[in-house]
Amino acid sequence: MLELALLIPLLAQSLPEGPGKELVEVICTACHDTNRIVAKQGTKAEWQSRVLEMLQECPDVAQDERDKIVNYLAKSFPKHVNVNTASAKEIEAALELSAKEAEAIVTFRQDNGKFHAVQDLKKVAAVDSAKLDAVKDRIEY
Ligand code: HEC
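Residues numbered from 1 in each chain as written. Predicted model: local features only at pLDDT ≥ 70, side-chain atom pairs only at ≥ 80, totals over all residues. Heavy atoms only, no water.

A.B. asks: Any details on the coordination of the iron atom of the ligand? Residues and values, ideally.
C.D. replies: For the iron atom of the ligand, the full set of protein donor atoms is His32 (NE2) and Met54 (SD), and the range of their distances to it is 2.0 to 2.2 Å. Each of the 6 donor atoms around the iron atom of the ligand contributes to a set of angles spanning 85 to 180°, which defines the coordination as octahedral. Taken together, the positions of histidine 32 in the loop between α2 (21-27) and α3 (35-38) and methionine 54 in helix α4 (residues 44-54) put the pair 22 residues apart, joining distant regions of the chain. (Donors = N, O, S within 2.8 Å, 3.2 Å for Na, K, Ca; no water. Tetrahedral: all angles 85-135°; square planar, octahedral: opposite > 155°, others 65-115°. Helix = DSSP H or I, 4+ residues; strand = E, 2+ residues; numbered from the N terminus.)

Written as structure tokens, this is what we have:
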């Protein structure tokens, strides 16, 4: 039996550390394993509606636990966005920017061509550079 006990952790797709991880491990594996979860990306709103749908028949999961799960998933599996092809609305949602900042990125792109790195995005005067640093792992070029 020792071999089996050693194998189980290897088979389960491991989740990144963070507050809410244990809740996901316990609550979200009742019907399927975590492979289904780690394969997905989403904005906070998208994770919110997925969690709502998944837990429809689990009324015993409290609201604060649901909120923690959504925050964990939105942070661990955020939506990626290609800043050279996405619309302002998509950029706004995926990078948590204001509508004005997202529109400025699209206008800059139309005037100056493609972005290649976060440094290029920082040239857009209307955009807060600190916000870009916080989400740079989600940006594709
Ligand atoms: C009551 C059973 C049940 C629980 C609990 C459950 N799921 Fe699911 N989940 C399913 C079923 C059934 C599917 C496949 C059907 C589908 O794709 O809609 C699925 C599919 C998924 C998918 C893939 C859907 C897609 O868009 O392709 C994701 C992501 C997911 N679940 C996340 C979660 C998360 C996060 C939790 C915990 C909050 C959770 N699930 C808890 C039953 C469950």
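Moving on from the model shown.
A.B. asks: Residues and numbers for the packing of α4 against helix α5 (residues 63-76), please.
C.D. replies: Packing of α4 against α5 leaves a shortest axis separation of 9 Å and a crossing angle of 135°. As judged from the angle between their axes, α4 and α5 are oblique. Of the two elements, α4 crosses α5, and the hand of that crossing is right-handed. Residues Lys44, Trp47, Gln48, Val51 and Leu52 of α4 form the contact with α5, whose participating residues are Arg66, Ile69, Val70, Asn71, Leu73 and Ala74. By residue class, the composition of the contact of α4 with α5 is 7 nonpolar, 2 polar and 2 charged. (Axes fitted to C-alpha atoms, helices over the stretch in contact; angles between N-to-C directions. Parallel < 35°, antiparallel > 145°, perpendicular 65-115°, else oblique. Left-handed = near helix turned anticlockwise from the far one by under 90°. Contact = heavy atoms within 4.5 Å. Nonpolar A, V, L, I, M, F, W, Y, C, P; charged D, E, K, R; others polar.)

A.B. asks: Provide a residue-level description of the site of the ligand, including the pertinent values.
C.D. replies: Around the ligand lies a shell of 13 residues, among which Cys28, Cys31, His32, Lys40 and Met54 are the nearest. Taking histidine 32, its side chain carries an N or O atom lying 2.8 Å from a nitrogen atom of the ligand. At a separation of 3.2 Å, an oxygen atom of the ligand approaches a polar side-chain atom of lysine 40. Comparing atom positions with the cavity grids shows the ligand to sit within the largest pocket. Top contributing element to the shell around the ligand by residue count: α4, with 3 residues. Here the residues of the shell around the ligand are counted per class, giving 9 nonpolar, 1 polar and 3 charged. (Near = heavy atom within 4 Å. Polar contact = N/O pair within 3.5 Å; in protein donor to acceptor, adjacent residues only side chain to side chain. 1 Å grid on protein atoms, 1.4 Å probe; cavity = no way out; pocket = protein on both sides within 12 Å on 5 of 7 lines; lining within 4 Å. Sits in = over half its atoms within 2 Å of the grid points.)

A.B. asks: Describe the nonpolar core, listing the residues and the values that go with them.
C.D. replies: Core analysis: the largest hydrophobic core is formed by 20 residues, its most contacted members being Ile91, Leu95, Ile105, Leu121 and Ile139. Secondary-structure elements contributing two or more residues to this core are α6 (88-95), α7 (99-112), α8 (118-121) and α9 (129-135). With 16 residues, the next largest nonpolar core counts Leu15, Ile27, Val61 and Ala74 among its residues. (Core = buried A, V, L, I, M, F, W, Y, C linked by side-chain atoms within 4.5 Å. Buried < 20%, exposed > 50% of the residue type's maximum accessible area, 1.4 Å probe, protein only.)

A.B. asks: Describe in detail α6, supporting the description with residues and values.
C.D. replies: Along α6, the residues classified as buried are Ala88, Ile91, Ala94 and Leu95. Angular distribution of buried residues about the axis of α6 spans 140°; they occupy a single face of the element. For α6, the elements touching its buried residues are β1 (81-82), α7, α9 and β2 (139-140). Glutamate 96 lies just past α6 and shows a positive phi near 55°. (Arc of directions from axis to C-beta.)

A.B. asks: Describe unusual backbone geometry, and please don't skip the residues or the numbers.
C.D. replies: Even without being glycine, glutamate 96 reaches a positive phi, approximately 55°. Topologically, glutamate 96 is positioned in the loop between α6 and α7.

A.B. asks: Just give me the short version of the confidence of the model for the protein, but keep the residues and values in it.
C.D. replies: Here the protein averages 91 in pLDDT, while 91% of its residues score no lower than 70. Looking at the elements of the protein, mean pLDDT is at its lowest for helix α1 (residues 2-11), recorded as 55, and at its highest for α7, recorded as 98. (pLDDT = per-residue confidence, 0-100.)

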